[in-house]
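Architecture and fold: a report
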Amino acid sequence: MDSKRIVYMDHAATTYVKPEVLEAMLPYFTEQFGNPSSVYTLGRKSRSAIEEAREKVAKAIGALPEEIYFTGGGSEADNWAIKGAAFANRAKGNHIITSKIEHHAILNTCEFLEKQGFEVTYVSVDENGVIDLEELKNSITDKTILISIMFANNEIGTIQPIEEIGRIAKERGIIFHTDAVQAIGNVEINVKDMNIDMLSLAAHKFYGPKGVGALYVRKGIRIENLIHGGGQERKRRGGTENLPGIVGLGKAIELATADIEGHNARIRALRDRLLNGILEKIPYTKLNGHPEKRLPGNINVSFKFIEGEGLLLLLDQSGIYGSTGSACSSGSLDPSHVLLAIGLPHEIAHGSLRLSLGDKNTEEDVDYVLDVLPKIVQRLRDMSPLYENFIKGGR
Amino acid sequence: MYSDKVMDHFMNPRNVGEIENADGIGEVGNPKCGDIMRIYLDVEDNIIKDVKFKTFGCGAAIASSSMATELIKGKTLEEAWRLTNKAVAEALGGLPAIKMHCSVLAEGAIHKAINDYRIKHGLEPWKDDKNYDDDHHDIGE
């Protein structure tokens, strides 16, 4: 590789591990490696490191430490929450409500449960990606045992009215789970104030390590175990704890939630500079997701007449890393289910680009993208028969 | 995931553009599937003197268009008709399985352009047993 500029704008996919986080983790690979279940000093030290991390996670979301269970990531937390609540409450009912724009860890879990005899309602969203609360209320039945709505969407960044959903669920005595994987560190969360019964999170979205996450389960909420094994996590999740990962998660969430407002202000300023520049410089471009109620670092735009995978490949050649909702990049045949759910026609969904900014991005990065991106879009448009039709039709 | 050849033809596509008053134009695909390929032919004495393309699609679709147009340039219409999607993919050093349909589109666009030329010249169109516009993802491999 030459020494060209690298601009990483795919933080919604994953983040790097912050040096302070790595530093906190390192001793737990080598010297302090004891099994937290062992009774001798080395094991007890590991145990207390885990409990310290648990307190940090609890504090970050306004929960009690004993309500936090460590998992192997966000997908496991989602699987556990949904399957665990479904199977534990089967006697009460078999109906689950979720949305059309959830992460596949939720959607595919619900699809699995449908095969097990559960009924699932997938609530619609409006053109900005906000849940239709009326539809949500109207879909509640006597058999509804669980509502699962994501806190903020990973693709279009739209933040949901979680408090209102929490209130609705509480009034009807239904368990409310939220996948907050994208929200941690970007939105103030208090599970008690927001009436959240279960919440999933993953360390690698907020500068922690991959392969570790947590599920918050409010005291008194009964869910079945997902990983059966030893007595770890108060007999709720078998398997020797991912000690360095859990320590890293604790450190990362502490850093990420120390100054959410300050972090947001900085990232949002950069994001708005980039977004406004894109909309100004590139005609026939549409912003996807809510204009205001969105994650501070998220940009999702559709460029008419072009397809996203080619766009990513050309951006990559210029050292810019982003992502797209085009089918061609995901290996599936349909474009992003989220973009289709907000009502985009297929060809507009295929031309989408997500740029998600993070802590290390600078104004120089933004200006570099604003220099490169318009040229790349034009280059692809010049190759596009749809653009040719449009230009000729407009003459 | 792409071979060096695919990347080369994507980054530096050959024969991009259109031909004014082309002798034959063929278009396949649909925007719903995320790819449309349009091929323009300039034919003289049954030989493809010039060929251009415009493609809306992924890297593999653009590379397939570029390679396919290179392979039929200077060929007779019969030779061009016999170009298969497999030959396009092979010339590109292979395509990922899920992208094979891109080479099928190239084959289809060429067939349509040739038949467009034949119809314009009062000739019977050659028979094509594939429908390149729908479910093209299932054709190929």
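Per chain, residues are indexed from 1 in the order of the written sequence. A letter from A marks each chain and a number from 1 marks each ligand, given out in the order of writing. This being a predicted model, a pLDDT of at least 70 is required before a residue's local features are given, and a value of 80 or more before pairs of side-chain atoms are given or counted; all residues contribute to the totals for chains, interfaces and linings. To get the side-chain values, take all heavy atoms of the structure and skip hydrogens and water.

Moving on: helix H8 (residues 243-256) of chain A. All names here are of chain A. Labels follow the DSSP assignment, with helices taken as runs of H or I lasting at least four residues and strands as runs of E lasting at least two, numbered in each case from the N terminus. Given the number of residues in a helix, its expected span is that number minus one, multiplied by 1.5 Å. With 14 residues, H8 extends 20 Å from end C-alpha to end C-alpha; this agrees with the ideal 20 Å at 1.5 Å per step. Burial runs high along H8: 11 of the 14 residues are buried. All of the buried residues along H8 are Leu-243, Pro-244, Gly-245, Ile-246, Val-247, Gly-248, Leu-249, Gly-250, Ala-252, Ile-253 and Ala-256. We define a polar contact as two N or O atoms separated by no more than 3.5 Å, with the added condition that, inside protein, one atom must be a possible hydrogen donor and the other a possible acceptor, whereas residues neighbouring each other in sequence contribute only through side-chain atom pairs. One side-chain oxygen at the N-terminal end of H8 lies 3.1 Å from the backbone nitrogen of Gly-245; it belongs to Asn-242. A simple rule labels every residue: compare its accessible area, found with a 1.4 Å probe on the protein chains alone, to the largest value its type can have, and call it buried under 20%, exposed over 50%, or partly exposed in between.

Moving on: the UniProt feature "modified residue: N6-(pyridoxal phosphate)lysine" (unreviewed entry) in chain A. All names here are of chain A. UniProt positions are given in the numbering used here, feature names are shortened, and annotations may be inferred rather than shown by experiment. When the UniProt feature table is mapped to this numbering, "modified residue: N6-(pyridoxal phosphate)lysine" (unreviewed entry) covers Lys-205. Among the secondary structure elements, Lys-205 is positioned in the loop between strand S7 (198-202) and strand S8 (213-217). With near-sequence residues (within four places) excluded, Lys-205 lies in contact with Ala-12, Ala-13, Thr-15, Val-181 and Gln-182. Here Ala-12 takes part through its backbone oxygen, which lies 2.9 Å from a polar atom of the side chain of Lys-205. Only heavy atoms enter the contact rule, under which two residues are in contact if any of them lie within 4.5 Å.

What follows is about the UniProt feature "domain: NIF system FeS cluster assembly NifU N-terminal" (unreviewed entry) in chain B. With numbering aligned to this structure, UniProt lists the feature "domain: NIF system FeS cluster assembly NifU N-terminal" (unreviewed entry) at residues 1-121 of chain B. Taken end to end, residues 1-121 of chain B is 45% helix and 22% strand, and its first and last C-alpha atoms sit 43 Å apart.

As a further point, take the confidence of the model for chain B. Residue and element names in this part refer to chain B. In this model, chain B carries a mean pLDDT of 91, and residues with pLDDT of at least 70 account for 94%. In this model residues 135-141 is a low-confidence stretch, pLDDT under 50, and it forms 14 contacts with partners more than four residues away in sequence or in other chains. This prediction of the complex comes with two scores: 0.93 for pTM and 0.91 for ipTM. pLDDT measures how confident the predictor is about each residue, on a scale from 0 to 100.

Despite not being glycine, A:Tyr284 has its phi angle at roughly 55°, a positive value. Its place among the elements puts A:Tyr284 in the loop between helix H9 (260-281) and strand S9 (285-287).

On to the pairing of strand S6 (residues 175-179) of chain A. All names here are of chain A. Along S6, 5 of the 5 residues are buried, which leaves the element largely enclosed by surrounding structure. Here S6 shows a buried face lined by Ile-175, His-177 and Asp-179 and a second buried face lined by Phe-176 and Thr-178. Being paired, for any two strands, means DSSP has found at least two bridges between them. Where strand S5 (residues 144-148) meets S6, 3 bridges bridge the pair, whose relative direction is parallel. The residue bridging Ile-147 from the neighbouring strand is Phe-176, located in S6. The parallel pair S5 and S6, bridged by helix H6 (residues 162-171), forms a crossover whose chirality is right-handed. Both S6 and S7 contribute to a ladder of 3 bridges, which runs parallel. If you view a crossover with the strands going away from you and the path from the first strand over the helix to the second runs clockwise, you call it right-handed.

Here we take up the sheet that holds strand S1 (residues 24-30) of chain B. All names here are of chain B. Pairing is antiparallel in the open sheet, where 3 strands are placed in the order S1-S2-S3. At either end of the open sheet lies a strand with only one pairing partner, and these are S1 and strand S3 (47-56). Between one strand axis and the next, the sheet turns by 15° as a mean value, whatever way the strands run. Examined bridge by bridge, S1 and strand S2 (residues 35-44) share 7 bridges and lie antiparallel to one another. Looking at the pairing, Gly-29 lines up with Ile-36 of S2. Angles shown run from 0 to 180 degrees and are taken between the N-to-C directions of axes, each axis being a line fitted to C-alpha atoms and, for helices, limited to the stretch in contact. Sheet strands touched by helix H2 (residues 59-72): S2 and S3. Its angle to S3, the strand with the most contacts, is close to 175°.

Quick look at the domain arrangement of chain A now. Residue and element names in this part refer to chain A. By convention here, the domain bounds are inherited from an automatic or database domain assignment. For chain A, the domain assignment lists domain 1 (19-257) and domain 2 (260-392). Averaged C-alpha coordinates put domain 1 and domain 2 at centres separated by 29 Å. Taken residue by residue, the interface counts 28 residues in domain 1 and 22 residues in domain 2. Reported buried area values correspond to the accessible surface (1.4 Å probe) lost by two parts on association, with both partners' losses combined. Note on domain 1 versus domain 2: buried area summed over both sides is about 2000 Å², and carbon and sulfur give 56% of it. The salt bridge definition used is simple: a Lys or Arg side-chain nitrogen within 4 Å of an Asp or Glu carboxyl oxygen. Taken together, the connections running from domain 1 to domain 2 amount to 0 salt bridges. Ten residues, namely Ala, Val, Leu, Ile, Met, Phe, Trp, Tyr, Cys and Pro, are considered nonpolar, four, namely Asp, Glu, Lys and Arg, are considered charged, and the remaining ones, Gly among them, are considered polar. In terms of residue class, the side of domain 1 that touches domain 2 is made up of 11 nonpolar, 11 polar and 6 charged.

Residues and elements named next belong to chain A. It is at 9 Å that the axes of helix H3 (residues 74-88) and helix H4 (residues 104-115) come closest, and there the two elements cross at 30°. Classified by the angle their axes make, H3 and H4 are roughly parallel. The handedness of the crossing between H3 and H4 is right-handed. Note on element contacts: H4 touches H3 through Ala-105, Ile-106, Thr-109, Cys-110, Phe-112 and Leu-113, opposite Ser-75, Asp-78, Asn-79, Ile-82, Lys-83, Ala-86 and Phe-87. Looking at the contact of H3 with H4 residue by residue, the classes come out as 8 nonpolar, 3 polar and 2 charged. These descriptions rest on fixed angle ranges, namely under 35 degrees for roughly parallel, over 145 for roughly antiparallel, 65 to 115 for roughly perpendicular, and the rest for oblique. The crossing is said to be left-handed when, going from far helix to near helix, the turn is anticlockwise and less than a right angle, and right-handed when the turn is clockwise.

Moving on: the pairing of S3(B). Residue and element names in this part refer to chain B. Direction of pairing for S2 relative to S3: antiparallel, over a ladder of 9 bridges. Its bridge partner being in S3, Ile-39 is matched across the sheet by Phe-53. Hairpin connection between S2 and S3: a loop of 2 residues separates the two successive antiparallel strands, and Asp-45 in this loop has a positive phi of roughly 50°.

Attention now moves to the pattern of salt bridges. What the rule picks out here adds up to 28 salt bridges over all chains. For the salt bridge of B:Glu27 with B:Arg38, the shortest nitrogen-to-oxygen distance reads 2.7 Å. In this pair, B:Glu27 sits in strand S1 while B:Arg38 sits in strand S2, placing the two residues 11 residues apart along the sequence. On the basis of relative accessible area, B:Glu27 is assigned to the partly exposed category, the value being 32%. Here the residues in one salt-bridge network are A:Glu388, A:Lys392, B:Glu18, B:Glu27, B:Arg38 and B:Lys54, joined through shared partners.

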